[in-house]
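# Residue-level structure breakdown
One letter stands for each residue in the lines below.
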Number of protein chains: 2
Amino acid sequence: MAAPSIRARVRAEMIDEIKAVARRHLASDGANLSLRAVARDMGMVSSAIYRYFPSRDDLLTALIIEAYDALGEAVEAADAGCDRLDLRGRWHAVCRAARDWALARPAEYALLYGSPVPGYAAPDDTIGPAQRPPLALIGILRDGFGDDRLDPPPAAEVTEPLRADLADLAGMLGGELPEALLARGMAGWTQLFGLISFELFGRINRILPHRDAYFDHQTALMADLIGLPRAD
Amino acid sequence: MAAPSIRARVRAEMIDEIKAVARRHLASDGANLSLRAVARDMGMVSSAIYRYFPSRDDLLTALIIEAYDALGEAVEAADAGCDRLDLRGRWHAVCRAARDWALARPAEYALLYGSPVPGYAAPDDTIGPAQRPPLALIGILRDGFGDDRLDPPPAAEVTEPLRADLADLAGMLGGELPEALLARGMAGWTQLFGLISFELFGRINRILPHRDAYFDHQTALMADLIGLPRAD
DNA sequence: TTTCATTCGAGAGCAGTGCTCTCGCTCGGT
DNA sequence: ACCGAGCGAGAGCACTGCTCTCGAATGAAA
């Protein structure tokens, strides 16, 4: 770590600036990021960018990782700002944080949760950061289950082929979450990003003017499904 | 209507063929449809396409409308194939039909429910066809509510700003659906397309091998939330 | 301090894209 | 039999991602 040579430092700064300019372009021009336009904005010629990113996809990947981390951080911060015992408050805080982040950066959200870019396959570097948002939700479930404070409504049992899958997944997550609860948590996660996507991609704008209220109500519905305790 | 002149007929055939070729390209090459490639595939030069579609976006719009209609038809057919009184069976049939359609035509699904193309704004022609899938779901709710056969688990009431929005929406849908039930129906719709999107965009492939079972379980969870009666 | 090699940016160029415009030809409707 | 509407071809413009080469700057070692 010591002695980051001067060259390496200006190089890192250059990379950061490229990413910053690219993020700005993403926000204004939508998802079709033009390397040449970024270069132009920096007073460089397009080929110079290739000194820093081997291809446009690599630049996109860097932006995706940063976006996942930013979203994950926003979500985790929202969770951390709550009373650990107020499970329902944490749930809503996490959901709202994800939505606020998405509404503030629609293009970056689309990059993460929209249709995958045709030729593009997400490299392994992205899977870690991508797990931070769902892990925040799972953390709430785990705390609630550990304290035996969840009271989910009844439902059909988890039957066999799926039960084993969910058990494996629970094991990877550190064990002890029952399969049915994990399934409900994933339903909540799915619902959260379905809600955000529908809102962002213009599927409910015309019919539901009060979108905040709609969002809160629907996430509360999922909190009920999971069994998060009502008003402390 | 009478006497579709020969010119008009070959023109319509031409349009159909272009759409067919474009759909093929969409399926193989992903979302970035190349007009020139389509033209090449038809043994034409690119400018000739513009005799039939004013721009690439118009061709995409035509494909989107067709895709919405195809999905709507698949969903409605699945619903129609069920005993009208088997609400839960209808629910699962509709959900599975949507998923099957999406898995068979991932690129077209991404066109409909993925991130919106940057400069592209969906014209009004699309909103009618786009409503067919959710309307199929709403139809199940309506039948169940009309026969007083729904038994949803308890939840917080729908409070004011949202209540009015949902009442308006219920009015547009032909009235009589209570707000809380409509909200649950929309939650089911959101969950359905969240599930399909997560599956299609590769967000659960690694962790849940038995995806059919997962899908059925999660849609059953939403059926419970809506209050669709269990096993007749 | 001088040299040297690494690193960088510029520029030209290739193949591809959406789209426009013009020019002839063909063929359907009168 | 005619003739004009409609059509396809072709060239061209501005743009894209990407490659390659060349000269210049500059940090690091001697």
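Scope of this entry: the structure provided in the associated data block.

Procedures and definitions
Residues numbered from 1 in each chain as written. Chains lettered and ligands numbered in written order. Predicted model: local features only at pLDDT ≥ 70, side-chain atom pairs only at ≥ 80, totals over all residues. Heavy atoms only, no water. Phe/Tyr/Trp six-rings, centres within 6.5 Å; stacked < 30°, edge-to-face > 60°. Lys NZ or Arg CZ within 6 Å of the ring centre and 35° of its normal. Near = heavy atom within 4 Å. Polar contact = N/O pair within 3.5 Å; in protein donor to acceptor, adjacent residues only side chain to side chain. Helix = DSSP H or I, 4+ residues; strand = E, 2+ residues; numbered from the N terminus. Nonpolar A, V, L, I, M, F, W, Y, C, P; charged D, E, K, R; others polar. Least-squares fit on C-alpha atoms with pLDDT ≥ 70 in both. Contact = heavy atoms within 4.5 Å. Buried < 20%, exposed > 50% of the residue type's maximum accessible area, 1.4 Å probe, protein only. Buried area = accessible area lost by both parts, 1.4 Å probe. Salt bridge = Lys/Arg side-chain N within 4 Å of Asp/Glu carboxyl O.

## Quick word on the packing of aromatic side chains
In the structure shown here, the tally under the stated rule is 16 aromatic pairs over all chains. Feature note: the residues Tyr68(A), Tyr109(A), Tyr113(A), Trp189(A), Phe193(A), Phe201(A) and Phe198(B) constitute an aromatic cluster, connected by ring pairs. If you follow Arg99(A) out to its NZ or CZ, it ends over the ring of Phe215(A), 5.0 Å from the centre.

## A word on the protein's contact with DNA strand D
Near DNA strand D, the surroundings consist of 25 residues, among which Leu35(A), Arg36(A), Arg40(A), Ser47(B) and Arg51(B) are the closest. Restricting the count to atoms of DNA strand D within 4 Å of the protein gives a sugar and phosphate share of 46%. Note that a phosphate oxygen of DNA strand D is positioned 2.9 Å from one of the side-chain N or O atoms of Ser34(A). Contacts to DNA strand D include Tyr52(B), whose side-chain N or O atom sits 3.0 Å from a phosphate oxygen. Of all the secondary structure elements, the ones that give two or more residues to the surface near DNA strand D are α1 (6-29), α2 (35-41) and α3 (46-49) of chain A together with α1 (6-29) and α3 (46-49) of chain B. For the surface near DNA strand D, the class distribution of residues is nine nonpolar, seven polar and nine charged.

## Quick notes on the protein's contact with DNA strand C
What surrounds DNA strand C is a group of 25 residues, the closest being Ser47(A), Arg51(A), Leu35(B), Arg36(B) and Arg40(B). Atoms of DNA strand C within 4 Å of the protein: sugar and phosphate make up 49%, bases the balance. One of the backbone nitrogen or oxygen atoms of Ile6(B) is found 3.2 Å away from a phosphate oxygen of DNA strand C. Contributing elements (two or more residues each) for the surface near DNA strand C: α1 and α3 of chain A together with α1, α2 (35-41) and α3 of chain B. Broken down by class, the residue content of the surface near DNA strand C amounts to nine nonpolar, seven polar and nine charged.

## A few points about the relation of the copies chain B and chain A
Both copies of the chain are related by one operation, a rotation about an axis with a shift along it. Rotating chain B by 180° and translating it 0.0 Å along the rotation axis places it on chain A, where the RMSD comes to 0.0 Å. One copy is carried onto the other by what is essentially a two-fold rotation axis. Comparing interface residues between copies, 100% of those in chain B also lie at the interface in chain A; the contact surface is shared.

## Focus on the side chain of Arg99(B)
Residues and elements named next belong to chain B. Mapped onto the secondary structure, Arg 99 falls in helix α5 (residues 87-104). Look at Arg 99 and you get buried, because its relative accessible area is 7%. Looking at Arg 99, its side chain comes within polar contact range of the side chain of Asp 212, at 2.8 Å. Among all residues touching Arg 99, those that are not within four sequence positions of it are Ile 196, Glu 199, Arg 211, Asp 212 and Phe 215.

## Some details on the interface of chain B and chain A
Facing 54 residues of chain B, the contacting portion of chain A comprises 54 residues. Buried area between chain B and chain A, summed over both chains or domains, comes out near 4,300 Å², and the portion from carbon and sulfur atoms is 68%. Counting every contact that joins chain B to chain A gives zero salt bridges. One can count seven residue pairs in polar contact (both at pLDDT 80 or more) joining chain B with chain A. Of the residues forming the side of chain B that touches chain A, the biggest block, eleven residues, is contributed by helix α10 (residues 179-200) of chain B. In the side of chain B that touches chain A, the residues fall into 35 nonpolar, ten polar and nine charged.

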